[in-house]
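# Summary of structural features
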Amino acid sequence: MAKAIVYLNQFFGQIGGEEVADHEPEIRNEKVGAAMLYDQLLDGEVTHTIICGDNFMGSNEEQAVDRILGFLKDKEFDIFFAGPAFQAGRYGIACGAIGKAVKEEFDVSVISSMNEENPGVKMYKKDIYIFPGGKSAAKMRDDVTKMVEFGNKILSGEKLLPAEQEGFFKRGIRHQYFLEDETPAYERAIDMLLKKINGEDFVSELPIPEIDTVEIADPIKDLSKATIALVTSGGIVPIDNPDKIQSASATRWGKYYIADVDKLKNRREESFKTIHAGYDPKAADADPNRVVPVDAMRKYEQEGKIGSLYEYFYSTVGTGTSQDEAARMGKEITQELIENNIQAVIETST
Amino acid sequence: MANLIPIAKTVGANRMVPTISIPYPLGDPSTSEEEQWKLRYHRVGVALNALTTDINEQTVFDVEV
Amino acid sequence: MKLELGNFYVKDIEFGSETAFNDGILTINKEEALEVVYKDEHITEADLKIVKPGDMVRLVPVKEAIEPRYRKGGGPVFPGVTGSLLQAGDGRTLALKDMSVLVVGKHWGGYQDGLIDMGGEGAKYTYFSKLKNVVLVADTDEEFEKQEQQKKNHALRWAGMRLSEYLGKTLKDQEPEEVESYQLDPVTKRSDEVNSLPNVVMVMQPQSQMEDPGYNDLNYGWDTNPMLPTFMHPNEVLDGAMISGSFMPCSSKWSTYDFQNFPLIKRLYQEHGETINFLGVIMSNLNVVMEQKERAAQFVAQLAKSLGTDAALVAEEGYGNSDADYIACLVALEDAGVKTVGVSNEAPGRDGGSQPLVTLDPKANALVSTGNVSELIKLPPMDTVIGELESLARDGLAGGWEDDEILGSSVKEDGSVIMENNSMFCGDQIAGWSTKTMKEF
């Protein structure tokens, strides 16, 4: 039988109200408060209830999450429910924080419910399934029912439908989908075009997401003392591609020693080439410095404009590479660069 | 350093220096070795200067060659 | 210009003593047909197969699909490519419908090649599983590119065109079952009634991102890379002016068959005179230099404006950096006051969580999305493979791989495959057939 664990705050865990919002996390080998309702509706059994005060979670999130993950380490469970949190902001954020951590640590589905006004929705809808819920506990039964029905579907292995049909908040996870009515793209396009011409409402199949921003790094004060590294997504690698970096949809990166060279030698000289499949390789194969400008950096090093060029350059392939993979590789490379006291990077892209 | 500045902007790059194309960012094979070197040396120099420049929004640095 | 497409519906295809089309049956004298294939000395080995919808057959590496046709009067079906230049889109062309000629590498594949399953659960991923197909499976002596990931596939693609012209010739003296007529009056000489309707253009961005010749889509034989956007009659596209190239992950490509039957164009024709005034096609391209991308977008917007365009459909044969051309074109048109709808696929990654297009702009607010290039697809073994299954893993097909820490090789010992949608043959059907869309999960 499937096993579930439920997360509740101090109030729904029947500890008390605001006065005990500092309640430290605990796990009970029983169904407490709302956990009973989950147990009734679930095609399975709620084995444990976790209770944590909203303020405790709010002011000691890291500690609270660690302790709860510790509780769960030796438990077997197939699904995790948190909330419903209604319009309670601290509770919603707590459900999101613990839900995200549980999903990442144990790779089980996590389901929550919050009112659309709850700040937890915006913060965590990408990380866990959050269903739109009522404003207050008057909607407890409705909200839990929605969550558990979806949970039962996941547990049964049934194919999940798009977010708009299942009802949870969109998570920014897009997959291709064969339309039941088989409306071809040409019909959809003409329909959208005529609606746009006539000023009628239409729904884009690819809503433009918000653009990510990145914190701006402080400028380098003294370049002549800085060690600078070259990083590329242009797929320049030694001729035998020792790290087997993929030509498209890369998940691997490599670092290549260049301390002993004034410029990168080319494919004909059996030195460096590109394995990037997304662009014409001829120019990069003939002179890899066009993509990774080792020669120009060396010149600036000799002239004293920069302290030194780092002894390795880093490379991967940026075609069809997913953002998550790219971000992971970027973090891994950054980690190395920081450990080696590199102050700046010039990143070349193709 | 990227040719497709709109892509660099969209993914959140803050200091950007344009390069000349996708397959040969820093040296057009149809031009002389000397011209290619001049361009590469110049644009890498612009990138180095960009690293020392204080900015408060996404910035594309001008190149002359 | 008036184009009449005379249709002959193919009910069955078989080998026989004489190449002929009678009562819906296309009979092929294999030996004679192969002679046509072997006219190019670079073809070293060739065979013909027939596959039909539902056959448990997997084809890989598929390089091209062509509709067999005959141009009345005998001119080349692909002017400037299979013969001398002539004006396409004016006159009568006869076509064998419900079938195509598929070109498959006997051994070697490349980045741009694709896979077709004629039956089973994989069939839904390509349009060509719905057609009866004559399959040319062949090898060549093009040694220079055998080990290259990017292949021009010249000998094979041209052999496919010769073969399709040879099959089309069976229609020479026959009366079609059905005639589709495509006619537009000159832009400045249309009736008040038509002129009062919203003016619409189709903007096409064919794949043209290789600077080396031999890889890109051709326009009357002219490489679409060194081309500036130009105004074309839609009939030209439907009548062999455009042929497919040999670059780009396959699911994003338009085959020559797609150009010959371009559903978005045919659908605009249906609306012409009813809800819109279909002005024609602005043939743009896709580039690898930012300035070229901007220049093309500027040309498209200017042409649209000069033509008095109110609205445009924009379709992109590609993804990745060419999304920058796609978005730039949509934005330039919107800035010129032209209402746009875009049609293309997207690339949010295997997990669906990545940015769907490499550049984004809120002005691109009406997009039709036809698939995720990176969607993982698992398919069971097939009874028969035409071509070489191993090519999917070995030869750098965009949606295949030799080894992966978690997934292993794309090709399993039992003949099952795991691949990205990227290598489904023209699978995202950006020409307009796609019944796929993208949803949030």
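Residues numbered from 1 in each chain as written. Chains lettered and ligands numbered in written order. Predicted model: local features only at pLDDT ≥ 70, side-chain atom pairs only at ≥ 80, totals over all residues. Heavy atoms only, no water.

This brings us to the side chain of Arg-190 of chain C. Residue and element names in this part refer to chain C. When you line up the elements, Arg-190 lands in the loop between strand E12 (178–183) and helix H4 (192–195). Buried and unpaired, Arg-190 has Asp-185 as its nearest opposite-charge partner, separated by 5.9 Å. Here Asn-277 takes part through its side chain, which lies 2.6 Å from a polar atom of the side chain of Arg-190. For Arg-190, the residues in contact, after removing those within four places along its chain, are Leu-184, Asp-185, Asn-195, His-272, Asn-277, Phe-278 and Leu-279. (Helix = DSSP H or I, 4+ residues; strand = E, 2+ residues; numbered from the N terminus. Buried < 20%, exposed > 50% of the residue type's maximum accessible area, 1.4 Å probe, protein only. Lys, Arg positive; Asp, Glu negative; His and termini not counted. Salt bridge = Lys/Arg side-chain N within 4 Å of Asp/Glu carboxyl O. Polar contact = N/O pair within 3.5 Å; in protein donor to acceptor, adjacent residues only side chain to side chain. Contact = heavy atoms within 4.5 Å.)

Attention now goes to the packing of aromatic side chains. By the definition in use, this model includes 34 aromatic pairs over all chains. Pairing Phe-77 of chain A with Phe-106 of chain A gives two aromatic rings, centres 5.5 Å apart and planes at 65 degrees, and the pair type is edge-to-face. Of this pair, Phe-77 of chain A sits in the loop between helix H3 (61–72) and strand E4 (79–82) while Phe-106 of chain A sits in helix H4 (residues 89–106), and the two are 29 residues apart along the sequence. When the centroid spacing of 5.4 Å and the interplanar angle of 65 degrees are considered together, the rings of Phe-128 of chain C and Phe-425 of chain C count as edge-to-face. Residue Phe-128 of chain C is located in the loop between strand E10 (114–117) and strand E11 (132–140), and its partner Phe-425 of chain C is located in the loop between strand E24 (417–420) and strand E25 (436–440); the two are separated by 297 residues in the primary sequence. Phe-128 of chain C gets classed as buried once you look at its relative accessible area, which sits at 0%. The class for Phe-425 of chain C is buried, based on a relative accessible area of 1%. Stacked on the ring of Phe-15 of chain C, the Lys or Arg Lys-30 of chain C has its end atom at 4.9 Å from the ring centre. (Phe/Tyr/Trp six-rings, centres within 6.5 Å; stacked < 30°, edge-to-face > 60°. Lys NZ or Arg CZ within 6 Å of the ring centre and 35° of its normal.)

Turning our attention to the packing of H3 of chain A against H4 of chain A. All names here are of chain A. Interhelical geometry of H3 versus H4 gives an angle of 45 degrees and a closest axis separation of 10 Å. Between H3 and H4, the angle falls in the class oblique. The interaxial crossing formed by H3 with H4 has right-handed handedness. Two secondary-structure elements touch here, H3 through Glu-61, Val-65, Ile-68, Leu-69 and Leu-72 and H4 through Ala-97, Ile-98, Ala-101, Val-102, Glu-105 and Phe-106. (Axes fitted to C-alpha atoms, helices over the stretch in contact; angles between N-to-C directions. Parallel < 35°, antiparallel > 145°, perpendicular 65-115°, else oblique. Left-handed = near helix turned anticlockwise from the far one by under 90°.)

As a further point, take the sheet that holds strand E5 (residues 109–114) of chain A. All names here are of chain A. Strand order in the open sheet formed by six strands is E2-E3-E1-E4-E5-E6, with mixed pairing between adjacent strands. Each of the sheet's edge strands pairs with one partner strand only, and the pair in question is strand E2 (26–28) and strand E6 (129–132). Geometrically, the sheet is characterised by an average inter-axis angle of 20 degrees between neighbouring strands, direction not taken into account. The sheet contact formed by strand E1 (residues 3–9) and strand E3 (residues 45–52) spans seven bridges and is parallel. Bridge pairing in E3 links Ala-4 to Val-46. On top of the sheet, helix H6 (residues 140–156) reaches E4, E5 and E6; it is set at about 160 degrees to E5, its chief contact. (Pairing = 2+ DSSP bridges.)

Residue pairs spaced three or four apart in an α-helix point in one direction, given the helix's 3.6 residues per turn. Residue and element names in this part refer to chain A. Between its first and last C-alpha, H6 extends 24 Å over 17 residues, near the 24 Å set by a 1.5 Å rise per residue. Of the residues making up H6, those classed as buried are Met-140, Asp-143, Val-144, Met-147, Val-148, Phe-150, Gly-151, Asn-152 and Lys-153. Where H6 is buried, its residues meet helix H1 (35–41), E4, E5, E6 and helix H7 (163–166). (Expected span 1.5 Å × (residues − 1).)

What follows concerns the interface of chain A and chain C. In this assembly, 55 residues from chain A lie in contact with 71 residues from chain C. Taken together, both faces of the contact between chain A and chain C bury some 5,600 Å²; the carbon and sulfur share is 57%. Linking chain A with chain C are eight salt bridges, by the criterion used here. Here chain A and chain C share 43 residue pairs in polar contact (both at pLDDT 80 or more) between them. Of all the secondary structure elements, the ones that give two or more residues to the side of chain A that touches chain C are H7, strand E7 (174–178), helix H8 (185–197) and helix H11 (323–339) of chain A. Per element, the largest residue contribution to the side of chain A that touches chain C is 11 residues, and it comes from H8 of chain A. Within the side of chain A that touches chain C, the residues separate by chemical class into 27 nonpolar, 13 polar and 15 charged. Examined bridge by bridge, E7 of chain A and E25 of chain C share five bridges and lie antiparallel to one another. Looking at E25 of chain C, one finds that His-175 of chain A is bridged to Lys-439 of chain C. (Buried area = accessible area lost by both parts, 1.4 Å probe. Nonpolar A, V, L, I, M, F, W, Y, C, P; charged D, E, K, R; others polar.)

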